[in-house]
Amino acid sequence: MDKRNKMYKVYLKPGKEESLKRFHPWVFSGAIARLEGEPEEGEVVDIYTSQKEFIAKGHWQIGSIAVRVLSFDANEAIDAAFWKRRLQTAYDMRRSIGIADHPDNNTYRLVHGEGDNLPGLVVDIYARTAVMQAHSAGMHLERMVIADALAEVMDGQIDNIYYKSETTLPFKADLYPENGFLKGGSRDNVAMEYGLKFHIDWLKGQKTGFFVDQRENRALLERYARGRSVLNMFCYTGGFSVYAMRGGAKLVHSVDSSAKAIDLTNKNIALNFPDDTRHAAYAEDAFKYLERMGDQYDLIILDPPAFAKHRDALRNALQGYRKLNVKAFEKIKPGGILFTFSCSQAVNKEQFRTAVFTAAAMSGRNVRILHQLTQPADHPVNIYHPEGEYLKGLVLYVE
């Protein structure tokens, strides 16, 4: 029998179907009673309750999340038409909210995993290039079919599809993915975000080459930057710095421990503000810089990488956020504004707020919340999968 047409069945323990009845898209390994057949990682399996009723189908994988659900419909085949339908729905949503066909913006997320009912898949659009990233073996195995569907859905909008999954796939799966173009091959990597230009490093950069998820928060920062002295910590590609410059900041300092990030920041500043002397960038450890800096800044951005990638690292992560924010509270000028973020999925909104509140109390400053921030609309949260809300941010006024 053709292996692709082989049916694999996953039977759940009694009562373990409750979350699936609420359309939660994950099945944990502990919920499984038995398996019929021997699926390889990434193959599609059908999920049944202990009463042998069909409930969902999805990609099988090894690990605590054993199945990522693709469909709750027994009659829906996971074929080329399926991928095209899901991608079309994602694209239509971005167009309907004005993100996809924006005259000043060609940088956005087209597919956000569970948020677009495609768990394990991320697609970011940078001008004429789509960068595709698989976080599951199933999405990796389907990459060419997905790329074909993507080219059809985005007809005429993109020329290139770059696959970037070397660092995101589960290492146990022995998939040996290679980054590279699935379609096209253009090296033109300048994209536009709200009228500002950015070099996107999809070849070697973090994530898909740019932090698309901070777009609306960068635009908000621009409104507060006029006449201020700005410090952008963990600047990466300098996104916040470029917006601060356009917002009329008096000076902007960008800091990152990576010399490569500093190089990219300087390139992005030069792309938008050539020969502008208001900007300087420093390759230095964040804590060391915060320790030695004076009180010259009245707008500080703290956007660190995920301190906690897993629940086990939670305690240390919260300590890290406290330590970082205390330094900023101690040093920021009176009347200063602090943009502070956490992108750790393991840290929830309350835990992050508590860490920042504790830091404020330790510094003895009067602090008010101006905004509570999250990820933008092109990073939607599936209402049945609240874990998808990973970006948390606060904008604080410090007396």
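Definitions and limits used
Residues numbered from 1 in each chain as written. Predicted model: local features only at pLDDT ≥ 70, side-chain atom pairs only at ≥ 80, totals over all residues. Heavy atoms only, no water. Phe/Tyr/Trp six-rings, centres within 6.5 Å; stacked < 30°, edge-to-face > 60°. Buried < 20%, exposed > 50% of the residue type's maximum accessible area, 1.4 Å probe, protein only. Pairing = 2+ DSSP bridges. Helix = DSSP H or I, 4+ residues; strand = E, 2+ residues; numbered from the N terminus. Axes fitted to C-alpha atoms, helices over the stretch in contact; angles between N-to-C directions. Contact = heavy atoms within 4.5 Å. Expected span 1.5 Å × (residues − 1). Arc of directions from axis to C-beta. Polar contact = N/O pair within 3.5 Å; in protein donor to acceptor, adjacent residues only side chain to side chain.

Our next topic: the packing of aromatic side chains. Taken as a whole, this structure holds 14 aromatic pairs when the rule is applied. Relative to Phe28, the ring of Trp26 lies with its centre 6.0 Å away and its plane at 90°, an arrangement referred to as edge-to-face. Taking the relative accessible area as the measure of exposure, Trp26 reaches 14% and is therefore buried. By the ring-pair criterion, three or more aromatic residues cluster together here, those being Tyr11, Tyr48 and Phe54.

This part takes up the sheet that holds strand β17 (residues 299-302). Pairing within the open sheet is mixed, and its seven strands lie in the order β16-β15-β14-β17-β18-β20-β19. On the outer flanks of this sheet lie β16 (279-283) and β19 (367-373), each paired with one strand and no other. Taking the axes of each pair of neighbouring strands and ignoring which way they run, one obtains an average angle of 15° across the sheet. With four bridges connecting them, β17 and strand β18 (residues 336-342) associate as parallel partners. Each residue of the ladder has a partner; that of Leu299, found in β18, is Ile337. Its contacts with the sheet put helix α6 (residues 239-246) on β14 (229-233), β15 (251-256), β16, β17 and β18, and the angle it makes with β15 is roughly 180°. Against the sheet, helix α9 (residues 314-331) makes contact with β17, β18, β19 and β20 (392-398), and its axis sits at roughly 170° relative to β18, the strand it touches most.

Taking 1.5 Å per residue, 15 residues should reach 21 Å; helix α10 (residues 349-363) reaches 21 Å between its end C-alpha atoms and fits that length. Along α10, the residues classified as buried are Phe352, Arg353, Ala355, Val356, Ala359, Ala360 and Ser363. Each buried residue of α10 sits inside an arc of 160° when the element is viewed along its axis, so together they form one side. Turned more than 90 degrees off the buried face of α10, the exposed positions are Glu350, Ala361 and Met362. Buried-residue contacts for α10 involve α9, β18, β19 and β20. For α10, the capping residue at the N-terminal end is Asn348, with a side-chain oxygen 3.1 Å from the backbone nitrogen of Glu350. With its phi angle positive at about 75°, Gly364 sits one or two positions after the end of α10.

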